[in-house]
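# Observations on chain architecture
Here is what each chain is made of, one letter per residue.
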Amino acid sequence: MARRVDYYFRETISGLRRNGLVALAAVSTMFISLFLLGGAQLIGRQIALVIDQQTERVEVAVYLTDNISQADSDRILNKLQGMPEVSYVRYESKQQAYKRFRELFANQPDLVNNVSPDALPASFRVKLKDPSQFAVIDAQIRGQPGVETVIDQRAVLNRLFSVSRILKLGAYIATAVMLVSSIALIANTVRMAVFARRKEIGIMRLVGATNMFIRIPFLIEGLVEGLVGAILAISALAVLRRVFFNSIHETIAFLPVVQTQDLFAVIPLLLGVAVLVALAASGLAMRRFLEV
Amino acid sequence: MIKCEQVTKVYKDSVAALQDVTLEINKGEFVFIVGPSGSGKSTFIRLMLKEEEPTSGDIYVAGKNIGRLSRWKVPELRRNIGTVFQDFKLLPNRTVFQNVSFALEVIGKPKHIVDQRVPEILELVGLGEKLNNYPDELSGGEQQRVSIARAFVNRPLILLADEPTGNLDPATSVEIMKLLDRINRIGTTVIMATHDNAIVDAMRRRVIELDSGKVVRDQSRGVYGYGT
């Protein structure tokens, strides 16, 4: 057994050395496709985190004009509280709005210093029992005296949703294209390895080596290429996660950010895809060039 | 050991390479298959190794109908048949030792068996001193000895030799024939395709003559052609 392992190892190394450039191409396409796939997964997880957090907090904001009378303000509050769709209403004064603003943008003192407490409008924060009932509130409150505008925060989330959907779709399409080319390239290196060793293979068949024994070195070669690509992709994603997502965290402190364990969760998928692609490619190459 | 029953092989759009060949070769026999080029000698050897299937008829090797052998059992069949070719088919980037050990390694023989048998067999073929030479450092006769060592190292029941002396001068050919004779005396069935009449005449063994795919003569203790 030890002898076999030794044999497979030597064959794989010499195969990779012989086709250095093609092997490099195969590894790089594998790397790019898995990087895209993993990136799409991480972006998906990031968006899901944001959406989860924000759905909890999503409110309808009824912004009030600066010169609203106490009577108008009370009347709007009563009206909102009387609606069956409303879960609760909370008043946010100009000072409270400014305080929240300062917390949100604590990392950007320039922005905070440029905004005076007076610049932000007071508002009623309305939590709905069912967030999709926004239109009912909007119809009854918009245009009332003292109401500046009515904003549904859900609309912002929906935009975020569709942006993320397009991003992910694009990444998946690119991944699919790259995966097809990595299959072709890995199959090509395996085919070249088979060709370079056709004499040995002929003798192996003649002396009665099993098909399995003849094929295993080529399978391993394909697998090594796939797995090296996967490991590179995982490392690159780890770096990307630190740099990119940490920079988000610094500018928008309240946003939840994907963690290292999110990356770990993606790793099995990437390794699995790498193994499947490599096996498919090697199998394909050998089916065509290694018939008994 | 080998039995052919009405074996016919027709290649695409071509005349029959073998036609209705029926013959039996017993264990321990030494048989020459003779005939001009294209008479079907090589086809016969390829059929034995199940590299090709007969168009019709049955071939039995060591009691088994190889037409019924499933694909994954073909390696087992080939382990029982050593094969030697006119062009030696040695691997140029491996030493004499490695060329022979390769045949054992790739059928999964453990290292201690390889290390014991390879020097033994190289001693038998008279190359005990040239273990670490490369094929291009050897004469044609020596290269053929390596190829015989490789064919025989796994101790097959049958040795097939396809024109083994075709590339060698007469003196070297005689040496190779002595070696094959010795292997035959150990109990191996040897089947040799050739059109070297001097050798056939000298050996006085069974001769099966093929012409246009047909057996035209099967003679024990025969010579190459009629009237010689």
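Per-chain numbering applies: the sequence of each chain, read as written, is numbered from 1 onward. Numbering of ligands from 1 and lettering of chains from A proceed in the order in which they are written. Local features in this predicted model are restricted to residues whose pLDDT is 70 or higher, and side-chain atom pairs enter the listing and the counts only when it is 80 or higher, whereas totals over whole chains, interfaces and linings include all residues.

### Notes on the overall build of chain A
From N to C terminus, chain A includes 10 helices and 4 strands. The order of α-helices and β-strands along chain A, N terminus first, is α-α-β-α-β-α-α-β-α-β-α-α-α-α. The buried share among the 292 residues of chain A stands at 28%. Each residue gets a C-beta atom placed from its backbone, and two residues are in contact if those atoms lie within 7 Å. When contacts within chain A are restricted to residue pairs at least 6 apart in sequence, long-range pairs at least 24 apart make up 87% of them. Per the convention used, a helix needs a DSSP run of H or I reaching at least four residues, while a strand needs a run of E reaching at least two, with both numbered from the N terminus. Here a residue counts as buried when 20 or more other C-beta atoms fall within 10 Å of its C-beta, as exposed when 12 or fewer do, and as partly exposed in between; the C-beta atoms come from the backbone.

### A closer look at the confidence of the model for chain B
With 99% of its residues at a pLDDT of 70 or more, chain B shows a mean pLDDT of 91. Reported confidences for the modelled complex are a pTM of 0.70 and an ipTM of 0.87. pLDDT measures how confident the predictor is about each residue, on a scale from 0 to 100.

### Thoughts on the interface of chain B and chain A
Each side of the interface is counted separately: chain B has 18 residues, and chain A has 14 residues. Counting only elements with at least two residues in the side of chain B that touches chain A, the list comes to α2 (74–79) and α3 (96–105) of chain B. With 5 residues, the single largest contributor to the side of chain B that touches chain A is α2(B).

### Remarks on the nonpolar core
Judged by nonpolar contacts, the single largest core of 67 residues is most densely connected at Ile33(B), Val100(B), Ala149(B) and Leu159(B). Counting residues per element, this core draws most heavily on α3(B), which supplies 6 residues. Ignoring anything within four residues of it in the chain, the contact list for Ile33(B) reads Lys41(B), Phe44(B), Ile191(B), Ala193(B), Ile208(B) and Leu210(B). Leu185(A), Leu263(A), Val277(A) and Met286(A) belong to the second-largest nonpolar core, a separate cluster that totals 39 residues. By convention in this section, buried Ala, Val, Leu, Ile, Met, Phe, Trp, Tyr and Cys residues joined through C-beta atoms within 7 Å make up a nonpolar core.

### Remarks on the sheet that holds strand β6 (residues 81–85) of chain B
Residues and elements named next belong to chain B. DSSP calls a pair of strands paired once it identifies at least 2 bridges connecting them. The mixed open sheet is built from 6 strands, whose spatial order is β6-β7-β8-β3-β9-β10. One side of each edge strand has no neighbouring strand; the edge strands of this open sheet are β6 and β10 (214–219). On average, each strand axis in the sheet is tilted by 15° relative to the strand beside it, whichever way the strands run. Bridge count for strand β3 (residues 30–34) against strand β8 (residues 189–194) is 5 bridges, and the pairing is parallel. Note on β8: the bridge partner recorded for Phe-30 is Val-190. Axis lines are fitted through C-alpha atoms, for helices just across the contact stretch, and the angle between N-to-C directions can take any value from 0 to 180 degrees. Contacts between helix α5 (residues 140–152) and the sheet are confined to β6 and β7 (158–162), with β6 contributing the most and set at about 165° to the helix.

### Quick notes on the sheet that holds strand β1 (residues 2–10) of chain B
All names here are of chain B. Strand order across the open sheet formed by 4 strands is β2-β1-β4-β5, with antiparallel pairing between neighbours. Every other strand in the sheet has two partners, leaving β2 (16–25) and β5 (64–65) as the edge strands with one partner each. Of the strand pairs in this sheet, β1 and β2 are connected by 6 bridges, and their pairing is antiparallel. Across the sheet, Lys-3 pairs through a bridge with Glu-24, a residue of β2. Its contacts with the sheet put helix α1 (residues 41–48) on β1, β2 and β4 (56–61), and the angle it makes with β1 is roughly 120°.

### Some points on helix α8 (residues 198–207) of chain A
Of the residues making up α8(A), those classed as buried are Ile203(A), Met204(A), Arg205(A) and Val207(A). Phi turns positive one or two residues past the end of α8(A), at Gly208(A), with a value near 90°.

### Re the environment of Asn80(B)
All names here are of chain B. Mapped onto the fold, Asn-80 is located in the loop between α2 and β6. Residues Asn-80 and Leu-49, spaced 31 residues apart in sequence, show a C-alpha to C-alpha distance of 9.7 Å. Look past the residues within four positions of Asn-80 in its chain and what remains in contact with it is Ala-62, Pro-156, Leu-157 and Ile-158.

### Some points on unusual backbone geometry
With the exception of glycine, the majority of residues adopt a negative phi angle, and the majority of peptide bonds are in the trans configuration. Residue and element names in this part refer to chain B. Positive phi outside glycine occurs at Lys-50, with the angle close to 55°. The topology assignment puts Lys-50 in the loop between α1 and β4. The class of Lys-50 is buried, set by 20 C-beta atoms lying within 10 Å. Phi angles above zero are rare outside glycine, and Phe-88 is one such case at about 65°. In this fold, Phe-88 is placed in the loop between β6 and α3. Phe-88 sits in the buried class, given 20 other C-beta atoms within 10 Å.

### Thoughts on the pairing of β3(B)
Residue and element names in this part refer to chain B. Where burial is concerned, most of β3 is hidden: 5 out of the 5 residues are buried. Residues of β3 alternate between two faces, with Phe-30, Phe-32 and Val-34 on one and Val-31 and Ile-33 on the opposite face, all of them buried. Across 4 bridges, β3 lies against strand β9 (residues 206–211) in parallel orientation. Within β9, the residue paired with Phe-32 across the bridge is Val-207.

### Some remarks on the environment of Glu129(B)
All names here are of chain B. In this structure, Glu-129 sits in the loop between α4 (111–124) and α5. The class for Glu-129 is exposed, based on 10 C-beta atoms found within 10 Å. Separated by 10 residues in sequence, Glu-129 and Pro-119 have C-alpha atoms that sit 9.6 Å apart.

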